[in-house]
Amino acid sequence: MATTATYLTTEELASLIKYDVRTIRETLKDKVLMEGVHYIRPFGGRKILFIWDAIERDMAKAIPAMLIPMANGGRAHG
């Protein structure tokens, strides 16, 4: 049985997460929000639809600041 995702425009997402539309387009998209995970381009077009379930899930995760990957698989706190 297929699940139904909730797709949002940039304006709708901005309203939900209280960010400016421009901030989403210029700062969050492709740096925090990844294509194929957090948003899609339906039918290969220019329009972007954000996947609310993925954004809501990942928004609550803490993003460690200044972690530097090390060769042994660990991370250095910079």
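Scroll up to find the structure this text is about.
S.K.: Quick one: what's the story with the side chain of Lys 29, residue by residue and with numbers?
M.R.: Tracing the backbone through its elements, the reader meets Lys 29 in the loop between helix H2 (21–28) and strand E2 (39–40). With sequence-adjacent residues up to four places away left out, Lys 29 is seen in contact with Ile 24, Tyr 39, Arg 41 and Ile 48.

S.K.: Any chance you could break down unusual backbone geometry for me, citing the residues and the numbers?
M.R.: Residue Asp 30 is not a glycine yet carries a positive backbone phi of 75 degrees. Within the element layout of this structure, Asp 30 appears in the loop between H2 and E2. Located in the positive-phi region is Phe 43, a residue other than glycine, with phi close to 60 degrees. Within the fold, Phe 43 resides in the loop between E2 and strand E3 (49–51). Assessed through its relative accessible area of 89%, Phe 43 is described here as exposed.

S.K.: Tell me about helix H1 (residues 10–17), and name the residues and values.
M.R.: Buried residues of H1: Thr 10, Leu 13, Ala 14 and Ile 17, and no others. Buried residues of H1 fall within an arc of 100 degrees about the axis and therefore sit on the same side.

S.K.: Give a description of the pattern of salt bridges that names residues and reports values.
M.R.: In this structure the tally under the stated criterion is 5 salt bridges. Of the charged contacts in the structure, one is a salt bridge between Arg 22 and Glu 26, with a shortest N-O distance of 3.2 Å. Taken together, the residues Arg 22 and Glu 26, both in helix H2 and 4 residues apart, mark about one turn of the helix. A salt bridge links Lys 29 to Asp 30, with the shortest nitrogen-to-oxygen separation between them at 2.9 Å. Here Lys 29 falls in the buried class, since its relative accessible area comes to 16%.

Reading the values: rules and limits
Residues numbered from 1 in each chain as written. Predicted model: local features only at pLDDT ≥ 70, side-chain atom pairs only at ≥ 80, totals over all residues. Heavy atoms only, no water. Helix = DSSP H or I, 4+ residues; strand = E, 2+ residues; numbered from the N terminus. Contact = heavy atoms within 4.5 Å. Buried < 20%, exposed > 50% of the residue type's maximum accessible area, 1.4 Å probe, protein only. Arc of directions from axis to C-beta. Salt bridge = Lys/Arg side-chain N within 4 Å of Asp/Glu carboxyl O.

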